Amino acid sequence: MKKANLIMLGAPGSGKGTRASAICEVLGIIQVSTGDLFRSNLKAGTPLGKEAESYMNKGELVPDGVTAAMVKERLLQPDAKGGFVLDGFPRTVGQAKLLEEMLAQMGERICAVLYLDVPESELVKRISGRLVCRGCQASFHKDYNPPKVAGVCDKCGGELYTRDDDKPETVKNRLKVFEQNTLPLVDYYRQKGLIVELPPELSPKGALGDMRELCSKWGLVRE
Ligand code: ADP
Ligand code: ZN
């Protein structure tokens, strides 16, 4: 089996978190979500959480150096050795370069960048109905991917809530920041021959089956 060090690239609301967790389940590798890492630091009141808070509340990016250091710490843990999916990182060309440096130091590299290209009108609809689990961070949508019991996570029974930065004013800014800072990464990685476009028709419910099929097509699954 090829070792999978992957990046999941997509706008806020593109479904990259859902997709990333499906891949991790299929391949038995870890998901590294910078958004989740920042949110848990925030909840725990760490200095890193306090630093990230003001940026997150405005829908701005946390500075590259701070974000990259947090990712590096995570990737140095033993469970990352088996492969990983980066979800929400890198988000700028600067972060992509920092990532290359840290992986080179570890004797690792990225095998593929999975790109979800979703139209903006669809992104707004998806974000505005999004619900996230306080326990395991799984994400649901009130119309497109409703939990079996309202307000309760299917996976762990945790409480579902609406993220502070999912309010309309912040969402607009996050989409603008994505277009200006993150979209250039598609060309950056395309030039390196790493971009794999994920089919847009993937449904939230079918994510696991769809990802299993794709991973097997790419030779990433032991069968
Ligand atoms: P989404 O992709 O839906 O916008 P995330 O949970 O990935 O949500 O990120 C939430 C917020 O966390 C971002 O708006 C930003 O403030 C911060 N953040 C997450 N990842 C990064 C990153 N790689 N670089 C800088 N800031 C980040
Ligand atoms: Zn949960």
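Everything that follows concerns the structure shown earlier in this document.
Residues numbered from 1 in each chain as written. Chains lettered and ligands numbered in written order. Predicted model: local features only at pLDDT ≥ 70, side-chain atom pairs only at ≥ 80, totals over all residues. Heavy atoms only, no water.

**Overview of the sheet that holds strand β5 (residues 130-133)**
Condition: Between any two strands, at least two bridges found by DSSP are needed for them to pair. In this description a helix means any DSSP run of H or I spanning at least four residues, a strand means any run of E spanning at least two, and both kinds are numbered starting from the N terminus.
With antiparallel pairing, three strands are arranged side by side in an open sheet as β6-β5-β7. Where the open sheet ends on each side, the last strands, each with one partner, are β6 (139-141) and β7 (160-161). Where β5 and β7 come together, two bridges link them in antiparallel fashion. Residue pairing in the sheet places C133 in a bridge with L160 of β7.

**Structural notes on the site of ligand 1**
What counts here: If even one non-hydrogen atom of a residue comes within 4 Å of a molecule or strand, that residue is called near it. Here a polar contact is taken to be a pair of N or O atoms separated by no more than 3.5 Å, where protein atoms must pair a possible hydrogen donor with a possible acceptor and residues adjacent in sequence count only if both atoms sit in side chains. Only the protein chains shown count as cover for residues, and all accessible areas are computed by the Shrake-Rupley method using a 1.4 Å probe. Residues are grouped as follows: nonpolar covers Ala, Val, Leu, Ile, Met, Phe, Trp, Tyr, Cys and Pro; charged covers Asp, Glu, Lys and Arg; every other residue, Gly included, is treated as polar.
Of all residues adjacent to ligand 1, which total 19 residues, the nearest are K16, T34, E60, G88 and Q95. One of the side-chain nitrogen or oxygen atoms of R39 is found 2.9 Å away from an oxygen atom of ligand 1. Relative to its unbound accessible surface of 540 Å², ligand 1 loses 97% to contact with the protein. At four residues, the largest contribution of residues to the shell around ligand 1 is made by helix α2 (residues 34-44). The class makeup of the residues in the shell around ligand 1 is six nonpolar, five polar and eight charged.

**Observations concerning the coordination of the zinc ion (ligand 2)**
Note the following rule: In this analysis a donor is any N, O or S atom within 2.8 Å of a metal ion (3.2 Å for sodium, potassium and calcium), and since water is not included, sites may seem incomplete. The rule is simple: four donors are tetrahedral if all their angles sit between 85 and 135 degrees, four are square planar and six octahedral if opposite donors span more than 155 degrees and the others lie between 65 and 115, and anything that fits none of that is irregular. Accessible area is worked out with a 1.4 Å probe on protein chains only. A residue is then buried under 20% of its type maximum, exposed over 50%, and partly exposed in between.
C133 (SG), C136 (SG), C153 (SG) and C156 (SG) make up the full set of protein donors to the zinc ion (ligand 2), lying at 2.3 to 2.4 Å. For the zinc ion (ligand 2), the four donor atoms are set out with angles of 98 to 116° between them, so the coordination reads as tetrahedral. Sequence spacing of the donors to the zinc ion (ligand 2): C-x2-C-x16-C-x2-C. Of this pair, C133 sits in strand β5 while C156 sits in the loop between β6 and β7; the two residues are 23 residues apart in sequence, bridging distant segments of the chain. The exposure class assigned to C133 is buried, which follows from its relative accessible area of 0%. With a relative accessible area of 45%, C156 lands in the partly exposed category.

**Examining the nonpolar core**
Note the cut-off: Definition used in this section: a nonpolar core is a set of buried Ala, Val, Leu, Ile, Met, Phe, Trp, Tyr and Cys residues joined via side-chain atoms within 4.5 Å. Whether two residues are in contact is decided by their heavy atoms: any pair within 4.5 Å suffices.
In terms of nonpolar packing, the biggest core is built from 25 residues, with L75, L86, L99, M102, I110, V113 and Y189 touching the most fellow members. Contributions of two or more residues to this core are made by β1 (5-10), β2 (30-33), α4 (64-75), β3 (84-87), α5 (93-106), β4 (112-116) and α8 (184-191). Tallying contributions element by element places α5 first for this core, with five residues. With residues up to four places along the chain from it excluded, the contact list for L99 reads I7, L75, L86, F89, P90, I110 and Y189. Ranked by size, the runner-up nonpolar core spans 19 residues in total, among them L6, M8, A22 and V85.

**Some remarks on the environment of R39**
Tracing the backbone shows R39 in helix α2. Separated by 10 residues in sequence, R39 and G49 have C-alpha atoms that sit 7.2 Å apart. Excluding residues that lie within four positions of it along the chain, R39 makes contacts with M56, Q137, Y161 and R163.

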